[in-house]
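Structural overview for review
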Amino acid sequence: MSRNTKIVSVVIPICDHRDQAYQTSADDMEILIPCNGVDVELEREIASRYPRLRLIPSRGSNIQALYNVGVEAASGRFVYISEIHCVAEPDCLEQAIRFILASTATCASSRSDGINRNRIAEGEQQIFENDIGRWRNDGKGKVAIRGFLIERAAWIRAGGLRSEFGHYSEVLFGLRLEALGERIGYADRSIVHHCNQSDFESLTAELIDYGVGECRSNAECSPAERLGVCHEWVKFANGRMSGLKLAVQQTKA
């Protein structure tokens, strides 16, 4: 397939499906499914039910690396990334593209509400909404992989997600985009519904991954990429932070 045969390519990794594989096929777009071999049965089922979808094996990759693999293989002018446990409104992509074309923003996050199966899931949604609210109140944009539209060329220029920093790579990617002069917007009429974590174990692992990535990035990234100095990571790197070390080991397990 030649480049730019579609306006938009959709990248949805098979990773962290939370027993809710909502996303389905469409005829007017390219859909790429990077997969790391963690759930071979689901990969086979999707390949069988949706033969037009393009599965891209990348064994051993985490979800952030899978997004990079998918965007690299995409042919559309725009790429829209989402998660397999999200379900988009029928006009989600149309509204996101309309927003970009009608604004000064060059990329945008969709608006996301929660598919909440219990109070724990409601809590995760509240954390997400509070976080997005703070960024918006500060006049800043934030990359949210629940649903995010960007020109493929801009993604490549920014270097994609730095997968070594886990979930926190979304923040670093946003900072890199802004440093390159890209403005991140919020396409409020582009809506995705996100299946939030429904047990403390899964939610805790996700938050630990984000926190470890944040701590590590503040020690290892250049000064221009840092949001602050994390002394806890410095202590851990020097072997004096056994509790955090245990958390890192558990996250990698």
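Residues numbered from 1 in each chain as written. Predicted model: local features only at pLDDT ≥ 70, side-chain atom pairs only at ≥ 80, totals over all residues. Heavy atoms only, no water.

**Structural notes on helix α2 (residues 63-73)**
Within α2, 8 of the 11 residues are buried, which leaves it mostly tucked inside the rest of the structure. The set of residues buried in α2 consists of Ile-63, Gln-64, Ala-65, Leu-66, Tyr-67, Gly-70, Val-71 and Ala-73. Where α2 is buried, its residues touch β1 (8-11), β2 (30-35), β3 (54-57), β4 (78-82), α5 (152-158) and α6 (169-179). (Buried < 20%, exposed > 50% of the residue type's maximum accessible area, 1.4 Å probe, protein only. Helix = DSSP H or I, 4+ residues; strand = E, 2+ residues; numbered from the N terminus. Contact = heavy atoms within 4.5 Å.)

**Things to note about the environment of Phe-78**
As for its position among the elements, Phe-78 is in strand β4. For Phe-78, a relative accessible area of 2% gives the class buried. Phe-78 sits 72 residues away from Lys-6 along the chain, and the two C-alpha atoms are 8.5 Å apart. Beyond its immediate stretch of four places on either side in the chain, Phe-78 contacts Ile-7, Val-8, Ser-9, Ile-100, Leu-149, Ile-150, Glu-151 and Arg-152.

**Notes on the pairing of β3**
One ladder, built from 4 bridges, connects β2 with β3; its direction is parallel. Its bridge partner lying in β3, Cys-35 is registered against Pro-57. Between the parallel elements β2 and β3, the chain passes through helix α1 (residues 40-49) in a crossover that is right-handed. (Pairing = 2+ DSSP bridges. Right-handed = clockwise from strand over helix to strand, strands pointing away.)

**Considerations on the side chain of Arg-152**
Inspection of the secondary structure puts Arg-152 in helix α5. Glu-72 provides the closest opposite charge to the buried, salt-bridge-free Arg-152, at an N-O distance of 4.2 Å. A polar side-chain atom of Arg-152 sits 3.3 Å from the main-chain carbonyl oxygen of Ala-74. (Lys, Arg positive; Asp, Glu negative; His and termini not counted. Salt bridge = Lys/Arg side-chain N within 4 Å of Asp/Glu carboxyl O. Polar contact = N/O pair within 3.5 Å; in protein donor to acceptor, adjacent residues only side chain to side chain.)

**A look at the packing of aromatic side chains**
Taken as a whole and judged by the stated rule, the model has 2 aromatic pairs. Ring plane angle 55° and centroid distance 4.7 Å describe the contact between Trp-155 and Phe-173, whose orientation is recorded as tilted. A residue pair is termed long-range when its members are at least 10 positions apart, and Trp-155 in helix α5 and Phe-173 in helix α6 qualify at 18 residues. On the basis of relative accessibility, which here comes to 1%, the residue Phe-173 falls in the buried class. For the ring pair Tyr-168 and Tyr-210, a centre distance of 5.2 Å and an interplane angle of 80° mean the geometry is edge-to-face. Of this pair, Tyr-168 sits in the loop between α5 and α6 while Tyr-210 is found in helix α7 (residues 200-220), placing the two residues 42 residues apart along the sequence. Tyr-168 gets classed as buried once you look at its relative accessible area, which sits at 1%. The ring of Phe-128 carries the charged tip of Arg-146 above its face, separated from the ring centre by 3.6 Å. (Phe/Tyr/Trp six-rings, centres within 6.5 Å; stacked < 30°, edge-to-face > 60°. Lys NZ or Arg CZ within 6 Å of the ring centre and 35° of its normal.)

**Let's talk about the pattern of salt bridges**
Counting across every chain of the model gives 11 salt bridges. Across the salt bridge formed by Arg-134 and Asp-131, the nearest N and O atoms sit 3.9 Å from each other. Of the two residues, Arg-134 and Asp-131 are both situated in helix α4 (residues 119-137); the distance of 3 residues between them amounts to about one turn of the helix. Its salt-bridge partner being Asp-188, residue Arg-136 comes within 3.1 Å of it at the nearest N-O pair. Of this pair, Arg-136 sits in helix α4 while Asp-188 is found in strand β8 (residues 184-195), placing the two residues 52 residues apart along the sequence. In this structure Asp-188 comes out as partly exposed when scored by relative accessible area, which is 33%.

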